[in-house]
Amino acid sequence: MENTSLIVLSRAAALERQMAVVSNNIANVNTTAFKGESPLFVEYMMKPEKFSDPLNNYSMVLDQGTARNMTPGALIQTGNPLDLALNGDGYFEVDTLDGKRYTRNGSFTQNDQRELTTSSGLPVLDDTGNRINIPVGTREITVSPDGSVFADQVSLGKLGVYTFPNEQRMRPLGNGLLLSEEKPKAVEDTKIQQGFLEQSNVQSVTEMTNMIAVSRQYENVQRIMKNEHDLLRNAYSKLSKISA
Amino acid sequence: MRSLSIGATGMLAQQTNVEVISNNIANMTTSGFKQQRAEFQDLLYQNIRRPGSQSSDAGTIVPTGIQIGAGVKTAAVYRIHTQGSIVITGNELDLAINGKGFFQIEMPDGTTSYTRAGSFQLNADGQIVTSDGYTLLPGLTIPQGTTDITIDASGQVQAKIDGQTDPQTVGQIELADFPNEAGLESLGNNLYRETPASGAPVTGIPGVDGLGTIEQGSIEQSNVNVVSEITSLITAQRAYEMNSRVIKTSDEMMGSLSQLG
């Protein structure tokens, strides 16, 4: 008899998780190069051998994963020479203590060793896996659309831009960084735009609508739980009256 | 409920955003002011089910895992060093830089700071100083009895002294340039300081090697674009509202839970 409660509970847990994903999207509506996420749910069937038993013939909701919306964000002009936007597929490669990580956030700066770094200080790598050093006395840094970095017309190397066979399998680590266990593949046709940043691709209208939907569905779930509870209580009180 | 704290990080970030925008708007008529921009990053993710982990004994793998982000944080607030418009004031010690570069200013503690607000004056010793009285480097002393100061586009300072026919060359104003101007630290009073992120300054003669030229009798206005700031303000306010809706909705969801039974 408690199956109704359990099924509804699985939906409530899924909705709570969906709410966390939606609120993370809304919180990141202004985050550079953020990709919105949406939860994926599947129907979890009870074991087929139990189907003959009507009490076990039901299914539940199971959250399967979160999918990243890979549509590109709008480019916004900042005019800063170290702000780079990827116009097309791919990720910049950055060096961390734990190995190579990937990001689309091209809001770069330089550190005290004059290396090109992300805004959190992680060195950005060129297409040969080396750090990019900006020489002393550089007046102007230019980045051509193919990713070649020049300091006063002297080439410093070409920024490494990579993509992966399945971008959905990349794991977000926060700070705009992603990690993949797959082998990176160099991208050729992506253009790098200097003085621009990629904005978040979160559509606030969609997210607000999602949030309202989650909230209403959650109310319905609660109502079913309450109805089920009332039903049981009613049944118990009636049944106990007959036996008395 | 994760969404409660996620909404809170969002509100905090948008609050910072509004603060940065309001500082830009407050400085829309500050000479040489460069607008700032807040840069946001996503927070750590909680891995509930890792992508690529095994989903059955047959070796099938999860194509997409479950990762739930913890919200947003402010990663940086940096300046955008685009050229501000130049207005003519007619004051002979109002200098505007048309192009790249900064005036070098000697601070009272002996360090050098940098500015683009070229509203200079003379002090009691005839030195060219900022409106706070800090000396413009290299120190230039205008001789007594000067009736007219001429500063050309390449920064050469000439003084026309009463009773002499030819103007006398007093000195040369040099500009400093940085590879990454966005990395400069703001000191207030329109002054900036060198940091590891900005790189070391390279000094030179105005108009040479990519440095800007000097316009005498003019002032560089703030580069704040009021229209874009107001639209950013509206966006930030809406984003703030949306995050507060998230908190409210999460609260309602929790409230309906406690009414069960």
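Once a new chain begins, its residue numbering starts again from 1 and follows that chain's sequence as written. For this description, chains carry letters from A and ligands carry numbers from 1, given in the order in which they are written. It should be noted that, the model being predicted, local features are given only for residues of pLDDT at least 70 and side-chain atom pairs only at 80 or more, the latter also being counted only at that level, while totals for whole chains, interfaces and linings use all residues.

Enquirer: Where do I start with helix 1 (residues 2–26) of chain B in this structure?
Expert: Residues that lie three or four places apart on an α-helix share one face, since the helix turns once every 3.6 residues. Helical segments are the DSSP runs of H or I of at least four residues, strand segments are the runs of E of at least two, and each set is numbered from the N terminus. One less than the residue count of a helix, multiplied by 1.5 Å, gives the span that helix is expected to have. The end-to-end C-alpha separation of helix 1 of chain B is 36 Å, in line with the 36 Å expected for 25 residues at 1.5 Å each. What helix 1 of chain B keeps buried is the set B:Ser3, B:Ile6, B:Gly7, B:Thr9, B:Gly10, B:Met11, B:Ala13, B:Gln14, B:Asn17, B:Val20, B:Ile21 and B:Asn24. Any pair of residues counts as being in contact when their C-beta atoms, constructed from backbone geometry, are within 7 Å of one another. At its buried positions, helix 1 of chain B is contacted by helix 1 (3–27) of chain A together with strand 1 (36–42), strand 4 (72–79) and helix 2 (226–258) of chain B. With C-beta atoms placed from the backbone, the exposure class of a residue follows from how many other C-beta atoms lie within 10 Å of its own: 20 or more, buried; 12 or fewer, exposed; in between, partly exposed.

Enquirer: I'm lost on the sheet that holds strand 6 (residues 99–103) of chain A in this one. Help?
Expert: What links the strands of a sheet is backbone hydrogen bonding, and the strands pair in either a parallel or an antiparallel sense. All names here are of chain A. Pairing between two strands is assigned when DSSP locates at least 2 bridges connecting them. Here we have six strands laid out as an open sheet, ordered 13-14-6-5-12-15, and antiparallel in their pairing. On the outer flanks of this sheet lie strand 13 (171–174) and strand 15 (185–186), each paired with one strand and no other. Pairing of strand 5 (residues 91–96) with strand 12 (residues 161–163), which is carried by two bridges, proceeds in the antiparallel orientation. Across the sheet, Phe92 pairs through a bridge with Val161, a residue of strand 12.

Enquirer: So what exactly am I meant to see when it comes to unusual backbone geometry here?
Expert: Working note: non-glycine residues mostly have negative phi, and peptide bonds are mostly trans. Looking along the chain, the bond that leaves B:Leu137 and enters B:Pro138 is cis, with omega of -10°. Here B:Pro138 lies in the loop between strand 11 (135–137) and strand 12 (146–151). Phi at A:Asn175 takes a positive value of approximately 55°, unusual for a residue other than glycine. If you trace the backbone, A:Asn175 turns up in the loop between strand 13 and strand 14 (177–179). With a phi close to 65°, B:Asn190 is a non-glycine residue in the positive phi region.

Enquirer: Would you take a moment to explain the environment of A:Gln64 for this structure?
Expert: Residue and element names in this part refer to chain A. In this structure, Gln64 sits in strand 2 (residues 59–68). On a C-alpha basis, the gap between Gln64 and Leu40 in space is 5.4 Å, while along the polypeptide they are 24 residues apart. Residues within four places of Gln64 in sequence aside, it is in contact with Leu40, Phe41 and Val42.

Enquirer: Looking at this structure, how should I read the packing of helix 1 of chain A against helix 1 of chain B?
Expert: Angle between the axes and distance between the axes: these two values describe a pair of packed helices. Between helix 1 of chain A and helix 1 of chain B, whose axes approach to 9 Å, the crossing angle comes to 5°. By the angle class used here, helix 1 of chain A and helix 1 of chain B are roughly parallel. Contact with helix 1 of chain A, carried on its side by A:Met19, A:Ala20, A:Ser23, A:Asn24, A:Ile26 and A:Ala27, involves B:Arg2, B:Ser3, B:Ile6, B:Gly7, B:Thr9, B:Gly10 and B:Ala13 of helix 1 of chain B and no other residues of that element. Asp, Glu, Lys and Arg are counted as charged, while Ala, Val, Leu, Ile, Met, Phe, Trp, Tyr, Cys and Pro are counted as nonpolar; the rest, among them Gly, fall into the polar class. Grouping the constituent residues of the contact of helix 1 of chain A with helix 1 of chain B by class yields six nonpolar, six polar and one charged. To obtain an axis, a line is fitted to C-alpha atoms, over the contacting stretch when the element is a helix, and the angle between two such axes runs from 0 to 180 degrees between their N-to-C directions. Here the word oblique covers every angle except those under 35 degrees (roughly parallel), over 145 (roughly antiparallel) and from 65 to 115 (roughly perpendicular).

Enquirer: How should I be thinking about the packing of helix 1 of chain B against helix 2 of chain B in this particular structure?
Expert: All names here are of chain B. Taken N-terminus to C-terminus, the directions of helix 1 and helix 2 make an angle of 160°; their axes are 8 Å apart at the nearest point. When the axes of helix 1 and helix 2 are compared, the pair comes out roughly antiparallel. In the packing of helix 1 onto helix 2, the handedness of the crossing is left-handed. In the contact of helix 1 with helix 2, the residues fall into 14 nonpolar, twelve polar and one charged. Left-handed describes a crossing whose near helix is turned anticlockwise from the far helix by less than a right angle; the clockwise case is right-handed.

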